[in-house]
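What follows is the residue order along each chain.
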Amino acid sequence: MRAHAVAIPALALATLLAALPARAEKLIVSVSNHRVTVTPNYSGEELVLFGSVEKDAATPANRAYDLVVTVAGPRADMVTRRKERKFGIWINTDSRQFLQVPAYLAIFSNRPIDAIAAPEVQRRQQLGMRNVVLTQRVGPDYADVVPNDPFRSAFVRLRSQHGLYRESSSAVTLLTPTLFRSGIPLPAEVPIGTYTVDIKLFADGQLVTRTETAFEIVKVGFEQFVANSSRQHGFAYGLATVAMALMTGWMASIVFRKD
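Residues numbered from 1 in each chain as written. Predicted model: local features only at pLDDT ≥ 70, side-chain atom pairs only at ≥ 80, totals over all residues. Heavy atoms only, no water.

### Quick word on the sheet that holds strand β3 (residues 45-55)
Step number 1: On the basis of which strands lie adjacent, the open sheet formed by four strands has the order β1-β3-β12-β11 and antiparallel pairing. Since the sheet does not close on itself, it has two edges, and those belong to β1 (25-31) and β11 (172-174), each with one partner. Between one strand and the next, the sheet's axes are offset by a mean angle of 20°, whatever the strand orientation. (Pairing = 2+ DSSP bridges. Helix = DSSP H or I, 4+ residues; strand = E, 2+ residues; numbered from the N terminus. Axes fitted to C-alpha atoms, helices over the stretch in contact; angles between N-to-C directions.)

### Description of unusual backbone geometry
Note: most peptide bonds trans; most residues except glycine with negative phi.
Step number 1: In the Ramachandran plot, Q126 falls in the positive-phi region, its phi being about 55° despite a non-glycine side chain.
Step number 2: Secondary-structure assignment places Q126 in the loop between α3 (119-125) and β8 (136-138).
Step number 3: On the basis of relative accessibility, which here comes to 33%, the residue Q126 falls in the partly exposed class.
Step number 4: Positive phi, close to 55°, is recorded for D204, a residue that is not glycine.
Step number 5: Turning to its location among the elements, D204 is positioned in the loop between β13 (193-203) and β14 (206-219). (Buried < 20%, exposed > 50% of the residue type's maximum accessible area, 1.4 Å probe, protein only.)

### Concerning the pattern of salt bridges
Step number 1: According to the stated counting rule, one finds seven salt bridges in the structure shown.
Step number 2: K26 is the partner of E54 in a salt bridge, and the nearest nitrogen-oxygen pair spans 4.0 Å. In this pair, E54 sits in strand β3 while K26 sits in strand β1, placing the two residues 28 residues apart along the sequence.
Step number 3: Its salt-bridge partner being D198, residue K200 comes within 3.9 Å of it at the nearest N-O pair.
Step number 4: Note on K200: relative accessible area 6%, which makes it buried.
Step number 5: Taken together, the shared-partner salt bridges connect D198, K200 and R210 into one network. (Salt bridge = Lys/Arg side-chain N within 4 Å of Asp/Glu carboxyl O.)

### Focus on the nonpolar core
Step number 1: Core analysis: the largest hydrophobic core is formed by 50 residues, its most contacted members being V71, Y104, Y165, I184, L186 and F215.
Step number 2: At six residues, β13 tops the list of elements feeding residues into this core.
Step number 3: Excluding residues that lie within four positions of it along the chain, F215 makes contacts with V31, N33, H34, L47, V71, I184, L186, G193, T194, Y195 and V197. (Core = buried A, V, L, I, M, F, W, Y, C linked by side-chain atoms within 4.5 Å. Contact = heavy atoms within 4.5 Å.)

### Let's talk about the packing of aromatic side chains
Step number 1: Enumeration over the complete set of coordinates arrives at four aromatic pairs.
Step number 2: Ring centres 5.7 Å apart and planes at 90° place the aromatic pair F155 and Y165 in the edge-to-face group. Placement of the pair is F155 in helix α4 (residues 150-161) and Y165 in strand β10 (residues 165-168), with a sequence separation of 10 residues. Residue F155 shares its accessibility class with Y165, and that shared class is buried.
Step number 3: Considering the side-chain rings of Y195 and F215, the 5.1 Å spacing of their centres and the 15° angle between planes classify their relative orientation as stacked. Placement of Y195 in strand β13 and of F215 in strand β14 is noted, with a sequence separation of 20 residues between them.
Step number 4: Classification of Y195 as buried rests on a relative accessible area of 0%.
Step number 5: Grouped by ring-pair contacts, the aromatic residues F98, F155 and Y165 constitute a single cluster. (Phe/Tyr/Trp six-rings, centres within 6.5 Å; stacked < 30°, edge-to-face > 60°.)

Spatial relationships are all this shows, so hold off on functional conclusions.
As structure tokens, this is what we get:
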């Protein structure tokens, strides 16, 4: 009986290991700069992601790969409002709150997502902007909605206009069958915080392996002092802002005063 008791867990473990996919490849990646500093004259920057696919003896020599790179910035709650023209003026008539969504989101690949994986794989792996989960508060509930939801579409469009949401099917370049690179554009109004870079490797429409790296965007000098003051001393920061606004208005009234 003891022999059978030991054999059953060992058999279960062997069955589980056999069911797991064999990892024949490994991704080695890095970015050109892991710490981006924002100064008063910062006008944007582009980082470079580069990496390679390491094979082992079991990997087919002529295996073709696809890569999907997802860059996500710091998460925050955001609101999208709908405006309508009533009585000759534009007013907010409805709104939708997005919960803990990326302030920056970029999805890059070496070819169109539809050519890389089937729709069910795209949804499961959140490939492409239409498959990324953007949780909303819908009344008392929390859920992601269909990609053509008007509030979701407006939210993605507005973020894209500022360069903070972007998608490109030709941003990842395969330099060789196993070496690749991709640019990560960061606009002037990019938010500070930690950014995660998720790299997924596909072959024959299936996920082979994935890895992650990260970089950080920080403000330095006077910009950092102002940002820290607004977070750590909110009340005093608010009073100082109001005082500066009043002083500016008073000085403007003197300069442009008509005698």
